[in-house]
Every structure is written in C-alpha cells, then in structure tokens.
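# Coordinate inspection notes
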Amino acid sequence: MKTETITAIRNDFLSYQKLINLYTANKDLFFDELHLNLAGWFSVNTCSMLGAILTKIQNGINSVTINSGSATDILERNGFLSHFGNERKIDTIGTTIQYQVLSPSDDRYFNNYVSKGFLSKPDMPKISTGLKKKLTESIYEIFVNATMHSETDKIFVCGQFFPAKQKIEFMISDIGIGIKKAINNRFNSNLSGVQAISWAIKEGNTTKKGITGGIGLSLLYKFIKLNHGKVQIVSNDGFWQLDNGVVNKESFSEEFPGTMVNISVLTNDTASYRLKSEVPDNPF
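Please read these numbers as outputs of a predicted model, since none were measured by experiment.

Scanning the chain from N- to C-terminus turns up eight helices and ten strands. Here the C-alpha atoms of the chain give a radius of gyration of 18 Å, agreeing with the 19 Å that 2.2 N^0.38 yields for 284 residues. Reported as C-alpha extents along the three principal axes, the dimensions of the chain are approximately 60 × 50 × 35 Å. Put simply, 66% of the contacts in the chain that link residues at least 6 apart link residues at least 24 apart. Split by element, the accessible area of the chain, about 12600 Å² in all, is 49% carbon and sulfur. Positive and negative side-chain charges in the chain, numbering 30 and 27 respectively, have mean positions lying 6 Å apart.

Topologically, Asn37 is positioned in strand S2 (residues 33-42). Residue class for Asn37 comes out buried when judged on its relative accessible area of 18%. Through-space distance from the C-alpha of Asn37 to that of Thr65 is 8.7 Å; in sequence the pair is 28 residues apart. Once residues lying within four places of it in the same chain are set aside, the contact partners of Asn37 are Thr3, Glu4, Thr5, Ile6 and Asn67.

With respect to topology, three strands assemble into an open sheet ordered S1-S2-S3, the strand pairing being parallel. Whereas interior strands pair on both sides, the edge strands pair on one side only; in this sheet they are strand S1 (2-9) and strand S3 (63-67). Here the strands of the sheet are splayed against their neighbours by 25° on average, with no regard to which way each runs. As paired elements, S2 and S3 share five bridges and run parallel to each other. Across the sheet, Glu33 pairs through a bridge with Ser63, a residue of S3. Running at roughly 170° to S1, helix H1 (residues 13-26) makes contact with S1 and S2 of the sheet. Of the strands in this sheet, S1, S2 and S3 touch helix H2 (residues 47-58), which is tilted by about 170° from S2.

What follows concerns the confidence of the model for the chain. Residues at a pLDDT of 70 or more form 90% of the chain, whose mean pLDDT is 89. When the elements of the chain are averaged for pLDDT, helix H5 (residues 129-150) gives the smallest value, 77, and H1 the largest, 98.

Before going further, it helps to spend a moment on the sheet that holds strand S7 (residues 167-174). Hydrogen bonds between backbone atoms are what pair the strands of a sheet, whose relative direction is either parallel or antiparallel. Read from one edge of the open sheet, five strands run S4-S6-S7-S9-S8, paired in antiparallel fashion. Each edge of the open sheet is held by one strand with a lone partner, namely strand S4 (96-102) and strand S8 (230-243). The average angle at which neighbouring strand axes cross in this sheet is 15°, direction not considered. One ladder, built from eight bridges, connects S7 with strand S9 (residues 246-266); its direction is antiparallel. Looking at the pairing, Ile172 lines up with Val261 of S9. Across the face of the sheet, helix H6 (residues 179-187) comes into contact with S8 and S9 while running at roughly 115° to S8. Taken strand by strand, helix H7 (residues 193-200) contacts S8 and S9, and its axis lies near 50° from that of S8.

It is worth spelling out the side chain of Thr46 at this point. With respect to the secondary-structure elements, Thr46 resides in the loop between S2 and H2. Overall, the relative accessible area of 0% leaves Thr46 in the buried class.

Right, let's get into the packing of aromatic side chains. Scanning all chains against the criterion turns up 13 aromatic pairs. A centroid spacing of 4.6 Å and a plane angle of 5° characterise the contact between Phe13 and Phe252, whose relative ring orientation is stacked. Within this pair, whereas Phe13 is found in helix H1, its partner Phe252 is found in strand S9, the two being separated by 239 residues in sequence. The residues Phe13 and Phe252 share a single accessibility class, namely buried. Relative to Phe170, the ring of Phe118 lies with its centre 4.6 Å away and its plane at 10°, an arrangement referred to as stacked. Here Phe170 lies in strand S7 and Phe118 lies in helix H4 (residues 107-119), a separation of 52 residues in the sequence.

Looking now at the state of the cysteines. Going through the model one piece at a time under the given rule, you end up with zero disulfides. No disulfide involves Cys47; its sulfur sits 4.5 Å from that of Cys158, the nearest cysteine. Taking the relative accessible area as the measure of exposure, Cys47 reaches 0% and is therefore buried. Exposure remark for Cys158: the relative accessible area of 0% places this residue in the buried category.

In the structure shown here, the tally under the stated rule is ten salt bridges. Taking the shortest distance from any N to any O, the salt bridge between Lys89 and Asp73 comes out at 3.4 Å. In this pair, Lys89 sits in the loop between helix H3 (72-77) and S4 while Asp73 sits in helix H3, placing the two residues 16 residues apart along the sequence. On the basis of relative accessible area, Asp73 is assigned to the partly exposed category, the value being 35%. The shortest N-O distance in the salt bridge between Lys134 and Glu137 comes to 3.7 Å. With Lys134 and Glu137 both in helix H5 and three residues apart, the pair spans about one turn of that helix.

What counts as what
Residues numbered from 1 in each chain as written. Predicted model: local features only at pLDDT ≥ 70, side-chain atom pairs only at ≥ 80, totals over all residues. Heavy atoms only, no water. Helix = DSSP H or I, 4+ residues; strand = E, 2+ residues; numbered from the N terminus. Rg over C-alpha atoms; globule rule 2.2 N^0.38 Å. Contact = heavy atoms within 4.5 Å. Areas by Shrake-Rupley, 256 points an atom, 1.4 Å probe, with all protein chains shown as cover. Lys, Arg positive; Asp, Glu negative; His and termini not counted. Charge placed at Lys NZ, Arg CZ, Asp CG, Glu CD. Buried < 20%, exposed > 50% of the residue type's maximum accessible area, 1.4 Å probe, protein only. Pairing = 2+ DSSP bridges. Axes fitted to C-alpha atoms, helices over the stretch in contact; angles between N-to-C directions. pLDDT = per-residue confidence, 0-100. Phe/Tyr/Trp six-rings, centres within 6.5 Å; stacked < 30°, edge-to-face > 60°. Disulfide = S-S within 2.5 Å. Salt bridge = Lys/Arg side-chain N within 4 Å of Asp/Glu carboxyl O.

This is the structure in structure tokens:
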C-alpha cells in the first residue's frame with residue numbers, strides 16, 4: 001500500500017500543481033492500494049479535479065481510500081466520499097453543488113444540473129431567464145467539447161458556495177487526451193499547453209472537422225468580466241486564468257491527464273444581468 005498526503009488545496013496554480021504531482025507519483029501503480037490523506041484547507045469544488053485523478057489511478061486496477069480529516073463532513077454532504085466507500089449525507093446546509101461523474105450521453109442531465117444546481121443558486125447575482133439559458137448553453141458547450149476535443153469517457157463536476165468569501169466555485173474536469181494533444185494531433189503542430197489553451201478559447205477555433213465553434217466560453221467570459229469573477233483552465237501542462245479582468249498564463253512541471261475548467265462567480269455582485277435583446281441598454 002502507498003500513502004500520500006496533500007495539504008492546503010485551494011483554487012490556485014500551486015494547489016493544482018500539488019494535485020498533478022499526486023497523479024505523476026502514482027500514475028504507474030498497478031494492482032495496488034493508494035491511501036490518501038487530505039490535510040488542512042480543501043476547496044471542495046476541486047473534488048472535480050481530484051476525482052478525475054483518482055479515477056485514472058483506479059483504472060490501473062488500484063483501490064483508493066481517503067482520510068479526509070476536517071473536510072469529512074462536507075465531502076460526505078457533497079457526495080464525493082460516497083465514491084470511495086463512505087456514506088452520503090444530505091446537505092442540510094445547502095452550500096454544495098453535488099459531485100457527479102457523468103458520461104457523454106448525460107447531456108440532458110448535465111444541462112439540468114448546471115441550470116438548477118449552479119446558475120439558480122439563490123446566492124448567485126440576478127440573472128435573467130434568457131441569459132441563464134445562454135450561460136447554461138455556454139457551459140454545456142464546455143461539456144460537449146470535453147468529450148469531442150479530448151476524447152474522454154467521463155466528466156467530473158462539482159461546486160461549492162463559500163459564504164464568507166462571497167463566491168461560488170464550479171469546476172468541470174475530464175480524463176481525455178487534453179487540449180494540447182487534441183490540437184497538435186489535429187493540425188500536426190507542436191503547441192505548448194499554454195499556447196493550446198490560448199488558441200482553443202478564441203471564438204471560432206475548434207478541432208472538430210467541418211464545424212465552427214470553440215471551447216464555449218465567449219459569453220461566459222463577458223459575464224465573468226462584468227462580475228469581476230474568475231475562469232481557470234488546466235490542460236496537460238498548461239494553466240490559463242482570467243481573474244478580475246487580468247489574464248495569467250503558466251506551465252506546470254508535469255501534466256494533468258485531461259482538462260479542467262473552473263468558474264468563480266462573486267455573489268456580492270448587486271448588478272442585474274440580461275441579454276442585450278432583453279434590455280437594449282444592457283452590455284450583453
């Protein structure tokens with residue numbers, strides 16, 4: 001049996017590097033046992049990324065057990081630990097967006113999950129019905145592109161409302177080939193992870209033959225910029241972040257086995273958002 005400990009997992013580059021290091025150190029395990037200790041702060045939405053990594057490790061016919069310490073209660077309430085032998089608790093506090101492992105055929109369920117579980121949270125800024133529908137479609141396109149760009153068979157989704165920090169975090173991960181490999185394979189290019197993400201987020205760019213499109217974040221970016229929120233993308237060795245209007249790009253020392261998109265929305269935003277077609281003077 002192998003034991004690993006990860007500490008202080010937040011929604012930042014260094015924390016994602018820790019999760020990637022966990023994968024790198026254990027990706028070659030075969031018919032073994034991995035015992036994972038979670039220590040210190042653990043941002044619950046990162047169950048999406050951690051779940052993807054642990055699933056990849058389990059695919060090597062390995063068993064995984066988790067000692068989640070002080071995070072046990074919330075990880076039982078959001079359903080994450082039920083995938084690793086623990087019981088599932090009802091979230092009576094209502095701060096979690098449930099951890100789910102979906103297949104590409106679960107598109108209708110995914111739409112409902114995003115609309116009701118994320119965008120309809122009472123703590124979200126005021127969003128019109130029309131805009132909520134369009135944002136759901138935008139996030140759904142991320143889901144579709146995760147299956148088409150990266151050839152994954154599973155999608156990992158999870159979120160969390162942080163009342164003290166006045167924000168909602170929502171994360172989508174997959175265990176496909178990643179954006180870099182998808183683009184380089186499609187166009188016989190040699191882009192780095194950061195270069196590939198930068199290419200993929202531009203409206204109109206796609207690796208799908210004969211179809212125009214993109215990763216599905218154009219409208220979402222506009223909303224996040226006005227909200228002063230944050231979008232993060234991790235794929236292969238690349239990290240791309242839009243935080244309060246500022247873009248940051250970095251490279252990891254190792255590769256994440258897939259793609260992750262994290263969306264952070266500020267809940268103390270008193271503005272009301274609508275599509276331009278709904279209210280002519282609205283910026284959308």
